[in-house]
Amino acid sequence: MTLFSARSLLGPALILAGIAAGGCTPLRSHQGYVVDADLVNSVQPGVDTRQSVLQVLGKPTLTSQFNQGDWYYISRDARNFAYNNPHVKSQTTLRISFDGKGTVTGIHRTGIEQTASISPMKKTTPTLGRKSSFFSELFGNIGTVGAMGGGGGGQQGGGRNTP
C-alpha cells in the first residue's frame, strides 16, 4: 500500500471513529429547580413568610392543595446514552410547610428514594366488555348496515307530521 492511499483512508476512518465515539457519550440533563444550598439554608422556620420565601427561592415547582398549601421545589438530574431513555441519577424534593397565617413551619428534603417508579404493563387501555380483534373490527359490520328488523335501517327519519 502506498503512502498516498494510506493517507486518503485515514481521514474517513477518523471521522467514522469520531461519530461512533460521539454516540457513546453520556448526555446529561437537568430538570426543574436549581438548588442553591445557601438560599435554602437562609429560609428560617417561624421567621419567614410566603412572600419572603417567594423572594428568596422564587416560584415553587408545584403547590399542594392540602396541608395549608405546602410548596414543593423539585430538582432532577438525568443521564442517557445516544437514543436510550433518560435514567434519573439524582432527585431532590424540597417541601416548605406553612401554617394558617403563612409563616414557614418546616423545611423537609427528600431524595430519589422517595420517588415511585411506574411502568405500564401494555400500551393498551383495558376495557370492560367483549374483546375484539383486528378482523372482528374489520368484518364485524358486514350485514348490519340496512338490515331489516330495525324499521328499515338505523336512521329512519320521520315525515312532515311524524317524529
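Model, not experiment: these values are computed from the prediction. (Residues numbered from 1 in each chain as written. Predicted model: local features only at pLDDT ≥ 70, side-chain atom pairs only at ≥ 80, totals over all residues. Heavy atoms only, no water.)

In this section: a nonpolar patch on the surface. The grouping of F134, F135, L138, F139 and I142 at the surface amounts to a nonpolar patch, some 610 Å² of accessible area in total. In this structure F135 comes out as exposed when scored by relative accessible area, which is 54%. (Patch = residues over 30% accessible without salt bridge, like charges linked within 9 Å, V, L, I, M, F, W, Y side chains within 5 Å. Areas by Shrake-Rupley, 256 points an atom, 1.4 Å probe, with all protein chains shown as cover. Salt bridge = Lys/Arg side-chain N within 4 Å of Asp/Glu carboxyl O. Buried < 20%, exposed > 50% of the residue type's maximum accessible area, 1.4 Å probe, protein only.)

Of the volumes computed, that of the second largest pocket is approximately 200 Å³. Together, R76, H87, V88, I112, T115, A116, S117 and I118 line the second largest pocket. Residues belonging to the lining of the second largest pocket are distributed by class as follows: four nonpolar, three polar and one charged. (1 Å grid on protein atoms, 1.4 Å probe; cavity = no way out; pocket = protein on both sides within 12 Å on 5 of 7 lines; lining within 4 Å. Points joined across faces, edges and corners; volume = space filled by probe spheres on them. Nonpolar A, V, L, I, M, F, W, Y, C, P; charged D, E, K, R; others polar.)

Scanning all chains against the criterion turns up one salt bridge. One salt bridge in this structure joins D70 and R95, with 3.2 Å as the shortest N-O distance. Here the residue D70 occupies a position in the loop between β2 (62-63) and β3 (71-81), and R95 occupies one in strand β4 (residues 87-98), the gap between them amounting to 25 residues. (Helix = DSSP H or I, 4+ residues; strand = E, 2+ residues; numbered from the N terminus.)

Per the stated rule, a full pass over the model turns up four aromatic pairs. Aromatic pair W71 and F98: ring centres 5.0 Å apart, planes at 70°, arrangement edge-to-face. With W71 in strand β3 and F98 in strand β4, the pair connects residues that are 27 residues apart, well separated along the chain. By relative accessible area, which is 10% here, W71 ends up buried. Note on F135 and F139: the rings are 6.4 Å apart at their centroids and 5° apart in plane angle, and the pair reads as stacked. Placement of both F135 and F139 in helix α4 (residues 134-139) is noted, with a separation of four residues, approximately one turn of the helix. Among the residues examined, F139 registers a relative accessible area of 47% and is labelled partly exposed. Each member of the aromatic cluster is reached from another via a ring pair, and the members are F134, F135 and F139. Its end group placed over the ring of F98, R50 keeps NZ or CZ at 4.3 Å from the ring centre. (Phe/Tyr/Trp six-rings, centres within 6.5 Å; stacked < 30°, edge-to-face > 60°. Lys NZ or Arg CZ within 6 Å of the ring centre and 35° of its normal.)

With that out of the way, let us pick up the pairing of strand β5 (residues 104-110). Both β4 and β5 contribute to a ladder of six bridges, which runs antiparallel. If you follow R95 over to β5, its bridge partner there is H108. (Pairing = 2+ DSSP bridges.)

Looking at soluble globular proteins, one finds that nonpolar side chains tend to be buried together. Among the nonpolar cores identified, the biggest contains eleven residues, and these are Y33, V40, V43, V53, L57, W71, Y73, L94, I96, F98 and V104. Secondary-structure elements contributing two or more residues to this core are α3 (50-57), β3 and β4. Top element by residues in this core is β4. It accounts for three residues. (Core = buried A, V, L, I, M, F, W, Y, C linked by side-chain atoms within 4.5 Å.)

Note that L27 resides in strand β1 (residues 26-32). The class for L27 is partly exposed, based on a relative accessible area of 48%. C-alpha separation for the pair L27 and N80, spaced 53 residues apart in sequence, amounts to 5.3 Å. Setting aside residues no more than four positions away along its own chain, L27 makes contact with A78, R79, N80 and A82. (Contact = heavy atoms within 4.5 Å.)

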